[in-house]
Amino acid sequence: MAVLVALGSFVMTLVGGWAALRVVDRRHLVLGFAGGLMLGVVGFDLLPEAMEGAGQRLHGVPVALLLFVGGFLVAHVVERLLALRQSEHGAHEPGHVPQAGLGAGAAMVGHSFADGVAIGASFQVDAAMGTAVAIAVIAHDFADGFNTYTVTSAYGNDRRKALAMLFADALAPVAGAASTLLVTIPEDVLACYLGFFGGVLLYIAAAEILPEASHRHPARSTLLCTVAGAAVMWLVIGTAVH
């Protein structure tokens, strides 16, 4: 049952990627909207779940928040090291590192795999909980697909690589749900991962996606798309929770 339900995530992720693919002529609006979606996912979904599962404190600070900051710093360090390496090899735009885009896409795939694990684990408790978690996951998988394609391509990767990462992201929830048939991941470990991934996602949104969205098109419409993206995630996550 968990694997069958996760197929809904597969479809919704592809729909999100298709939407990003169809609006390439409005790239600045896509990036602005994607940045808002990513901020919404971090603030309304990842951090609350991480705090609930890994809220114990280490030297006065919740572990989830320590991992959140750690994820942000790791993403920053990795992106800067890759940019420096490419600059040393004569790249003209060291800020746009294809490897960083693939790394960001891979992080999204890891998040989607964790979504599938969450679906499978909840079904091990009972069908009602499994259904509720599945609704929440499927509801935001559109944003996952949208962000995966956009982030991968935004760093200079070609369409083929972006589509490959999108399909990997779509398959990840199914694989995650299937993995729970063999092993159960402790809730606190999953919560720690969500906190770390939240920091990575915030760095991508705040340091890369949003500045790029406004760099060539500092229009009011881009800002409105960012606000709309965050508002959409608020509505989607709020509706799924209730």
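Definitions and cut-offs
Residues numbered from 1 in each chain as written. Predicted model: local features only at pLDDT ≥ 70, side-chain atom pairs only at ≥ 80, totals over all residues. Heavy atoms only, no water. Helix = DSSP H or I, 4+ residues; strand = E, 2+ residues; numbered from the N terminus. Contact = heavy atoms within 4.5 Å. Areas by Shrake-Rupley, 256 points an atom, 1.4 Å probe, with all protein chains shown as cover. Buried < 20%, exposed > 50% of the residue type's maximum accessible area, 1.4 Å probe, protein only. Expected span 1.5 Å × (residues − 1). Bend = angle between axes of the 7 residues up to and from the residue. Polar contact = N/O pair within 3.5 Å; in protein donor to acceptor, adjacent residues only side chain to side chain. Axes fitted to C-alpha atoms, helices over the stretch in contact; angles between N-to-C directions. Parallel < 35°, antiparallel > 145°, perpendicular 65-115°, else oblique. Left-handed = near helix turned anticlockwise from the far one by under 90°. Core = buried A, V, L, I, M, F, W, Y, C linked by side-chain atoms within 4.5 Å. Patch = residues over 30% accessible without salt bridge, like charges linked within 9 Å, V, L, I, M, F, W, Y side chains within 5 Å. Salt bridge = Lys/Arg side-chain N within 4 Å of Asp/Glu carboxyl O. Lys, Arg positive; Asp, Glu negative; His and termini not counted. Charge placed at Lys NZ, Arg CZ, Asp CG, Glu CD. pLDDT = per-residue confidence, 0-100. Phe/Tyr/Trp six-rings, centres within 6.5 Å; stacked < 30°, edge-to-face > 60°.

Novice: How should the overall build of the protein be read in this particular structure?
Specialist: Of regular secondary structure, the protein possesses eight helices and two strands. Secondary structure of the protein in N-to-C order comes out as α-α-β-β-α-α-α-α-α-α. Looking at the protein alone, contacts between residues at least 24 apart form 82% of all its contacts between residues at least 6 apart. Taken as a whole, the protein presents about 11800 Å² of accessible surface, with 70% of it coming from carbon and sulfur.

Novice: What should I look at first to understand the environment of valine 74 in this one?
Specialist: Structurally, valine 74 can be placed in helix α3 (residues 63–88). Look at valine 74 and you get partly exposed, because its relative accessible area is 39%.

Novice: Mind showing me how you'd approach helix α6 (residues 159–179) here?
Specialist: Since the α-helix turns once every 3.6 residues, residues separated by three or four places project in the same direction. Taking 1.5 Å of rise per residue, the 21 residues of α6 would be expected to cover 30 Å, and the 30 Å separating its terminal C-alpha atoms lies within 8% of that figure. The sharpest bend along α6 measures roughly 30 degrees and falls at leucine 171, with the proline proline 173 sitting one to four residues further on. Within α6 the residues assigned to the buried category are Ala162, Met165, Leu166, Asp169, Ala170, Ala172, Pro173, Val174, Gly176, Ala177 and Ser179.

Novice: So what exactly am I meant to see when it comes to the side chain of serine 179 here?
Specialist: With respect to the helices and strands, the residue serine 179 is situated in helix α6. Among the polar contacts made by the side chain of serine 179, one reaches the main-chain carbonyl oxygen of glycine 176 at a distance of 2.6 Å. Beyond its immediate stretch of four places on either side in the chain, serine 179 contacts Phe113 and Val117.

Novice: Would you take a moment to explain the packing of helix α1 (residues 2–22) against α6 for this structure?
Specialist: For any two helices packed against each other, the geometry is given by the interaxial angle and the distance between the axes. Packing of α1 against α6 leaves a shortest axis separation of 7 Å and a crossing angle of 160 degrees. Our classification of the angle between α1 and α6 gives roughly antiparallel. In this structure, α1 meets α6 at a crossing whose hand is right-handed. Contact residues: α1 offers Ala2, Val3, Ala6, Leu7, Ser9, Phe10, Thr13, Leu14, Gly17 and Leu21, while α6 offers Arg159, Leu163, Leu166, Phe167, Asp169, Ala170, Leu171, Pro173, Val174, Ala177 and Ala178.

Novice: Explain the nonpolar core to me, please; I cannot follow it from the model alone.
Specialist: For soluble globular proteins, nonpolar side chains are generally found buried alongside one another. Of all hydrophobic cores here, the largest spans 40 residues; its most connected members are Met38, Leu46, Phe146, Val151, Leu201, Ile204 and Ile209. Within the residue set of this core, elements represented by two or more residues are α1, α2 (27–53), α3, α4 (98–125), α5 (127–154), α7 (187–215) and α8 (220–241). Not counting chain neighbours up to four residues away, the residues in contact with methionine 38 comprise Asn147, Val151, Leu201, Ile204, Ala205 and Ile209. Counting nine residues, the second-largest nonpolar core is a separate cluster that includes Phe123, Val137, Val174 and Ala177.

Novice: Could you clarify how one ought to interpret the side chain of threonine 226 in this entry?
Specialist: Along the chain, the position of threonine 226 falls in helix α8. What makes threonine 226 buried here is its relative accessible area of 14%. A polar contact is formed between the side chain of threonine 226 and the backbone oxygen of glycine 32, at a distance of 3.0 Å. Filtering out sequence-adjacent residues up to four positions away, threonine 226 remains in contact with Gly32, Phe33, Gly36 and Leu210.

Novice: In this structure, what is going on with a negative patch on the surface? I would like to understand it.
Specialist: The grouping of Glu49, Glu52, Glu187 and Asp188 at the surface amounts to a negative patch. Those elements giving two or more residues to the negative patch turn out to be α2 and α7. For glutamate 49, the position within the fold is in helix α2.

Novice: Quick question: what am I supposed to make of α7 here?
Specialist: Between its terminal C-alpha atoms α7 stretches 41 Å, which fits the 42 Å expected from 29 residues at 1.5 Å a residue. In α7, a bend of some 35 degrees at alanine 205 exceeds every other bend along the element.

Novice: How should the confidence of the model for the protein be read in this particular structure?
Specialist: Should pLDDT be low for a region, the predicted coordinates there are not to be read in detail. Mean pLDDT over the protein: 79, with 85% of residues reaching 70 or higher. Below pLDDT 50 for its whole length, residues 91–95 participates in eight contacts with residues either more than four positions away or in separate chains.

Novice: Where do I start with the packing of aromatic side chains in this structure?
Specialist: Any pair of aromatic rings gets described here by the distance separating the centres and the angle formed by the planes. Under the definition given, this model contains three aromatic pairs. Plain terms: the ring middles of phenylalanine 72 and tyrosine 203 are 5.2 Å apart, the flat faces sit at 85 degrees to each other, and that makes the pair edge-to-face. With a gap of 131 residues between them, phenylalanine 72 in helix α3 and tyrosine 203 in helix α7 connect regions that are remote in the sequence. For tyrosine 203, a relative accessible area of 5% translates into the label buried.

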